[in-house]
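# Descriptive structure summary
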Amino acid sequence: MKSIEKQTPARIIALGFMAVILTGSFLLMLPVCVKPGVNLHYVDALFTSTSAVCVTGLIAVDTADTYTALGQAIVAFLIQVGGLGVTSVGVGVILALGRRVNLKERLLIKEAMNLDSGKGIVCIVKNVLKTTLCFEGAGAVLSYLVFSRDYPPLKALGISLFHSVAAFNNSGFDILGGLQNLTGYKDNILLNLTTSGLIIFGGLGFLVIMDIAGKRSFKKLCLHSKAVIVTTLILLAVGTVLLRLTEDITWLGAFFTSVSARTAGFTTFPLSDFTTAGLLTVTVLMFIGASPGSTGGGIKTSTLFTLFHTIKGAATNTQPHAFHYKIPQEAFYKAAIVTALSSLVVISGILCMCVLEPGLPFEDIMLEITSAFGTVGLSTGITPGLSPLSKLLEVLIMYIGRLGPLTIVTIWIFKPDTSVSFPEGSISIG
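Residues numbered from 1 in each chain as written. Predicted model: local features only at pLDDT ≥ 70, side-chain atom pairs only at ≥ 80, totals over all residues. Heavy atoms only, no water.

- The name an unreviewed UniProt entry gives the protein is TrkH family potassium uptake protein, with [Clostridium] citroniae WAL-19142 as the organism.
- UniProt, in the comment section headed Subcellular location (unreviewed entry), describes the protein in these words: "Cell membrane". (UniProt positions renumbered as here; feature names shortened; annotations may be inferred.)

## Here's the deal with the overall build of the protein
- Helix and strand counts for the protein come out as 19 helices and 2 strands.
- Restricting the contact set of the protein to residue pairs at least 6 apart, pairs at least 24 apart contribute 69%. (Helix = DSSP H or I, 4+ residues; strand = E, 2+ residues; numbered from the N terminus. Contact = heavy atoms within 4.5 Å.)

## Quick notes on unusual backbone geometry
- Residue N170 is not a glycine yet carries a positive backbone phi of 55°.
- Within the secondary structure, N170 is located in the loop between α9 (153-168) and α10 (189-204).
- Despite not being glycine, F323 shows a phi value in the positive range, around 55°.
- Take F323: its relative accessible area is 28%, and that puts it in the partly exposed class. (Buried < 20%, exposed > 50% of the residue type's maximum accessible area, 1.4 Å probe, protein only.)

## Overview of the confidence of the model for the protein
- Per-chain confidence: the protein averages 86 in pLDDT, with 84% of residues scoring 70 or above.
- The element-level mean pLDDT for the protein is lowest in helix α1 (residues 2-5), coming to 52, with helix α13 (residues 251-260) highest at 95. (pLDDT = per-residue confidence, 0-100.)

## Let's talk about the environment of D211
- Locating D211 in the fold gives a position in helix α11 (residues 206-215).
- A C-alpha to C-alpha distance of 9.8 Å links D211 and H224, two positions 13 residues apart in sequence.
- Sequence-distant contacts of D211, that is, excluding residues within four places in its chain, are made with R216, L221, C222 and S225.

## As for the side chain of S49
- Tracing the chain through its elements places S49 in helix α3 (residues 42-53).
- For S49, the contacting residues outside a window of four places in its chain are V20, I21, G24, S25, L28 and L78.

## A short note on the nonpolar core
- Ranked by size, the top nonpolar core spans 76 residues in total, and within it I79, F147, F266 and I369 carry the most contacts.
- Of all hydrophobic cores here, the second largest spans 16 residues; its members include L235, F269, M286 and L367. (Core = buried A, V, L, I, M, F, W, Y, C linked by side-chain atoms within 4.5 Å.)

## Topic: helix α5 (residues 69-84)
- The end-to-end C-alpha distance of α5 is 23 Å, a good match for the 22 Å that 16 residues give at a rise of 1.5 Å each.
- Among the 16 residues in α5, 12 count as buried, and that is most of the element.
- Restricting attention to buried positions, one finds in α5 the residues G71, Q72, I74, V75, A76, L78, I79, Q80, V81, G82, G83 and L84. (Expected span 1.5 Å × (residues − 1).)

## Here's the deal with the pattern of salt bridges
- Scanning the model with the defined rule gives 2 salt bridges in all.
- Across the salt bridge formed by K391 and D44, the nearest N and O atoms sit 2.8 Å from each other. Taken together, the positions of K391 in helix α18 (residues 388-403) and D44 in helix α3 put the pair 347 residues apart, joining distant regions of the chain.
- With a relative accessible area of 7%, K391 lands in the buried category.
- The partner of D211 in a salt bridge is K215, with the nearest N and O atoms 3.2 Å apart. Highlighted residues: D211 and K215, both in helix α11, separated by 4 residues, approximately one helical turn. (Salt bridge = Lys/Arg side-chain N within 4 Å of Asp/Glu carboxyl O.)

## Comments concerning the packing of aromatic side chains
- Using the criterion set out here, one finds 9 aromatic pairs in the structure.
- Aromatic side chains F218 and F323 sit 5.9 Å apart centroid to centroid with 75° between the ring planes, which places their arrangement in the edge-to-face category. Placement of the pair is F218 in the loop between α11 and α12 (223-246) and F323 in the loop between β1 (321-322) and β2 (325-326), with a sequence separation of 105 residues.
- Note on F332 and Y333: the rings are 6.3 Å apart at their centroids and 45° apart in plane angle, and the pair reads as tilted.
- Note on F332: relative accessible area 26%, which makes it partly exposed.
- A relative accessible area of 46% means that Y333 is categorised as partly exposed.
- Here a set of aromatic residues connected by ring pairs shows up, and it is made of F135, F168, F201 and F206. (Phe/Tyr/Trp six-rings, centres within 6.5 Å; stacked < 30°, edge-to-face > 60°.)

## A word on the environment of F287
- Residue placement: F287 occurs in helix α14 (residues 276-288).
- In this structure, the C-alpha to C-alpha distance between F287 and F373, residues 86 residues apart in sequence, is 7.6 Å.
- When near neighbours in sequence (up to four residues on either side) are disregarded, F287 contacts G298, I299, T339, S342, S343, V346, T370 and F373.

Next comes the structure, spelled out in structure tokens:
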């Protein structure tokens with residue numbers, strides 16, 4: 001216990017996610033979790049557990065056709081834990097038991113949720129849990145109105161609860177069977193809008209949701225909330241238009257795909273039928289992802305916002321600013337590092353899979369790896385047929401994508417920087 005307490009918050013969070021993933025994989029291998037006659041390999045169970053905890057949605061085996069009701073419930077639980085974050089769930093349990101949250105636990109929450117300070121952390125965790133319950137409850141009710149038309153009441157209820165949890169946590173899992181996802185509901189407006197709403201709010205981030213609920217006016221929102229909302233709306237609009245222009249799909253389908261590509265992974269139109277231009281559009285959206293403190297992955301909308309306005313400031317020789325706020329230089333440094341590290345992870349992953357799977361088209365591999373890193377879950381359908389080594393590669397990339405490349409790097413920092421100060425040199429750029 002003492003050795004764990006000495007670890008940095010980043011390491012504890014990483015170890016926590018790893019422990020949940022491994023526990024989930026062993027549980028999914030239990031005979032009571034696997035349907036009779038199904039031969040489940042451990043690599044596929046590990047892949048499913050990682051995809052659930054990392055709220056991705058990529059599947060090596062169909063969830064409905066492989067797992068029993070208990071197995072599906074475990075997958076839903078892993079999605080919930082992964083979406084909320086291991087530390088948030090742990091603190092929630094502590095509060096439920098009536099215990100006080102100590103300083104170390106507060107630091108873990110601060111690190112996990114990318115908070116600037118440790119003030120009001122207990123209140124934030126309580127609000128996060130309440131917000132999750134409200135959104136998932138409302139989503140389950142609306143989803144039930146759709147699924148109850150096609151399934152018996154009890155099964156429809158189970159599907160609705162599972163779908164709502166998966167959608168709000170930006171994980172593209174489904175339990176409809178046959179690897180169909182939501183293609184059978186591509187024209188159902190209620191389910192499309194309900195799922196889109198859950199994905200969008202889950203991807204905004206809990207802090208933004210609480211800021212909106214507290215201030216109820218765009219002008220009064222903090223810079224972070226404004227940046228996230230504006231960037232999200234622009235990406236949704238641009239993604240919808242580009243997908244409608246490049247693919248033979250409806251406006252509803254284009255909007256849903258644009259929403260889902262921002263780290264959710266649900267599909268109403270098979271990506272295997274998309275053109276190269278459409279797949280590239282989806283890939284870019286997946287790489288950008290959701291927002292900090294949310295259930296989604298990617299480099300995050302605030303990172304893109306910061307990079308854009310800093311580059312704009314450099315091009316116009318003005319101080320980087322937005323909404324009458326100066327953008328801190330430290331924010332640009334962090335945004336640049338996150339983008340560079342993320343690009344390195346994705347490019348390395350694509351290269352490795354090209355070596356491991358030489359028979360697969362490059363665009364399919366590019367989308368698959370970016371989907372794994374962005375914790376999205378969209379695929380052209382190549383995932384089940386991948387080799388065990390390729391699946392393990394995706395497991396690693398999903399893990400890095402959920403924690404964030406910057407968190408992975410800081411795991412190796414053993415002590416504060418004590419290096420000497422060096423004189424400033426000159427180096428040519430561009």
